[in-house]
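# Residue-level structure breakdown
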Amino acid sequence: MDTQGLSIVMAAAQIAAAIALLNGLFTTFGQGNIASTAIESIARQPEASDEIRSIMFVGLAMGETSGIYGLLIAIILLFANPLVSRFIELAF
Amino acid sequence: MDLNISNRAVVTIFGIEIWITETIVNTWFIMAILIAFAIVVRIHIRKAELVPRGLQNAVEMAIEMFDDFVIGTVGEKLSYLSPWYFTVFVFLAVSTLIGVFGVRAPSADWATTFGLSLITFFLLTILSIRYQGLKGYIKPLLLPAWPFLPMNIIGELAKPISLSFRLFGNMLSATIINTMYSALTPWWASIGVPVFLHLAFDIFFGLLQVYIFVIISLSYVNSAVNG
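Residues numbered from 1 in each chain as written. Chains lettered and ligands numbered in written order. Predicted model: local features only at pLDDT ≥ 70, side-chain atom pairs only at ≥ 80, totals over all residues. Heavy atoms only, no water.

### Some details on the environment of Ala105(B)
Residues and elements named next belong to chain B. Put simply, the rule is: A run of H or I in DSSP counts as a helix once it spans at least four residues, and a run of E counts as a strand once it spans at least two, with each numbered from the N terminus. Exposure classes here rest on a 1.4 Å probe applied to the protein chains alone. A residue is buried below 20% of its type maximum, exposed above 50%, and partly exposed in between. Contacts are assigned to residue pairs with any non-hydrogen atoms lying within 4.5 Å of each other.
Its location among the elements puts Ala 105 in the loop between helix H3 (82–97) and helix H4 (110–138). Assessed through its relative accessible area of 4%, Ala 105 is described here as buried. C-alpha of Ala 105 to C-alpha of Ala 189: the two residues are 84 residues apart in sequence and 24 Å apart in space. Setting aside anything within four residues of it in sequence, one finds Ala 105 in contact with Ser 95, Ile 98 and Met 171.

Here's what the structure looks like:
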């Protein structure tokens, strides 16, 4: 029983998941940038607010993509990690 | 805490195992709701009025609004796409709202969202060849020069994957947050607070992502057809 090796693999997966979630920092920064620019342009041109709002939502969703990718990487590392099953296969 | 998609039954047809998962059962449930509503509306509209009132008015307004939205995004000549995307929108919206009742949303399974975005992928490929010809379809793949062909093909194939992951990641994160909250807190904490969690993650962000799914599918189709 090589439980020490398995625990090292698990700990590395947890740390890697936390690092993968750090990209939320930049995603949020970019989304805040998009929203603030949209508010500025709505304030300058209130009659175009409907069009600007729909473009802003598409832009927000595009910017959110990288954040969601990080979340999925974290979920795969935590719940469906291929390395853990590979390690168990090799060790036991 | 159970985040896996549980398997309900295994059906064997011609030696091929088909797994009836929770997602498929919930999809059937939503289909039953939508078909029942459609039948009710059909019976109601049989005696249609020129000046719509009540249910007829509400349904007409919803359809007209969506038609205008589709025509505004992809143009008049592709307005026949409107019924399909209205179906996708209503299905995904109901599957988002069903998460409020503690039922696992079908869109929190990658298979559902990938299936829907794969249809969009085939749709935009076929419509692009139909309206611009094979030459017009291949030409943007060779831009800005021919060595970029592999990268453009990867970009084309990444479209359905990114489209499906966006909705799936959002719905899965809502499911995970709600499951973790109900699993990690004592019983008295689950009296009022989950209402706000569901309101934020299921209803607001979920419906926003459904809208985004439809509008990004339509803008992919638009850029494929109108260049």
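### Examining the interface of chain A and chain B
Counted only if it meets this: For this document, the term salt bridge refers to a Lys or Arg side-chain nitrogen within 4 Å of an Asp or Glu carboxyl oxygen. Whenever two N or O atoms come within 3.5 Å, that pair is a polar contact, provided that in protein one can donate a hydrogen and the other can accept it, and provided that, for residues adjacent in sequence, both atoms are side-chain atoms. Residue classes follow a fixed rule: Ala, Val, Leu, Ile, Met, Phe, Trp, Tyr, Cys and Pro count as nonpolar, while Asp, Glu, Lys and Arg count as charged, and any other residue, Gly among them, counts as polar.
Contacts between the two partners involve 13 residues from chain A, matched on the other side by 16 residues from chain B. One can count zero salt bridges joining chain A with chain B. There are two residue pairs in polar contact (both at pLDDT 80 or more) connecting chain A and chain B. When the residues that make up the side of chain A that touches chain B are grouped by side-chain class, the tally is 10 nonpolar, two polar and one charged.

### Some points on the side chain of Ser162(B)
Its place among the elements puts Ser162(B) in helix H5 (residues 149–184). Setting aside residues no more than four positions away along its own chain, Ser162(B) makes contact with Tyr69(A) and Tyr220(B).

### A few points about the nonpolar core
Using the following cut-off: To qualify as a nonpolar core, a set must consist of buried Ala, Val, Leu, Ile, Met, Phe, Trp, Tyr and Cys residues joined through side-chain atoms within 4.5 Å.
Formed by 31 residues in total, the largest nonpolar core has its most connected members in Leu78(B), Tyr85(B), Leu92(B), Phe213(B), Ile216(B) and Val221(B). Sorting the residues of this core by element identifies helix H2 (54–74), H3, H4, H5 and helix H6 (193–225) of chain B as the ones contributing at least two each. With 11 residues, the single largest contributor to this core is H6(B). Discounting chain neighbours no more than four positions away, the residues touching Ile216(B) are Val58(A), Ala61(A), Met62(A), Leu163(B) and Arg166(B). Ile68(A), Leu72(A), Phe168(B) and Ile176(B) belong to the second largest nonpolar core, which has six residues in total.

### Focus: helix H3 (residues 49–79) of chain A
An α-helix turns once every 3.6 residues. As a result, residues three or four positions apart point the same way. Defined as follows: How far a helix is expected to stretch is found by multiplying one less than its residue total by 1.5 Å. Here the bend at a residue means the angle between the axes of two seven-residue stretches, the one that ends at it and the one that starts at it.
Compared with the 45 Å implied by 1.5 Å per residue over 31 residues, the 43 Å span of H3(A) between its first and last C-alpha is a close match. Taken as a whole, H3(A) carries its principal kink of about 35° at Thr65(A). Residues of H3(A) that are buried in the fold lie against helix H1 (3–21) and helix H2 (24–44) of chain A together with H5 and H6 of chain B.

### Topic: a nonpolar patch on the surface
All names here are of chain B. Heads up, the rule is: Patch membership requires more than 30% relative accessible area and the absence of a salt bridge. Residues of like charge join within 9 Å; the nonpolar side chains Val, Leu, Ile, Met, Phe, Trp and Tyr join within 5 Å. Residue-level accessible areas treat just the shown protein chains as cover; the underlying method is Shrake-Rupley with a 1.4 Å probe.
A cluster of nonpolar side chains, Ile 129, Leu 134, Ile 138, Leu 142, Trp 146, Leu 149, Ile 153 and Leu 157, forms an exposed patch at the surface whose accessible area comes to about 740 Å². Among the elements of the structure, H4 and H5 are those that each provide at least two residues to the nonpolar patch. Assessed through its relative accessible area of 31%, Leu 149 is described here as partly exposed.

### Focus: the packing of aromatic side chains
Residues and elements named next belong to chain B. Our working definition: Aromatic pairing here means that ring centres of Phe, Tyr or Trp (its six-membered ring) are within 6.5 Å. Orientation follows from the plane angle: under 30 degrees is stacked, over 60 is edge-to-face, and everything else is tilted.
Tallied over the entire structure, the rule returns 12 aromatic pairs over all chains. Consider the rings of Phe 66 and Phe 86, whose centres lie 5.2 Å apart with planes at 65°: the pair is edge-to-face. Placement of the pair is Phe 66 in helix H2 and Phe 86 in helix H3, with a sequence separation of 20 residues. Looking at Phe 66, the relative accessible area reads 8%, which means it is buried. Residue classification places Phe 86 among the partly exposed positions, given a relative accessible area of 23%. Summarising the aromatic geometry, the rings of Phe 201 and Phe 205 are spaced 6.0 Å apart at their centres and angled 50° between planes, so their arrangement reads as tilted.

### A word on the pairing of strand E1 (residues 7–13) of chain B
A regular strand places its side chains on the two faces of the sheet in alternate fashion. All names here are of chain B. What counts, and what does not: Should DSSP find at least two bridges between two strands, the strands are taken to pair.
Inspection of the sheet shows E1 paired to strand E2 (residues 16–21) by six bridges, in the antiparallel sense. Of the residues in E2, the one forming a bridge with Val 11 is Ile 18. Remark: two residues form the turn of the hairpin made by E1 and E2, two consecutive strands paired antiparallel; Phe 14 in that turn has positive phi of roughly 50°.

Interpretation in functional terms is not warranted from these geometric data alone.
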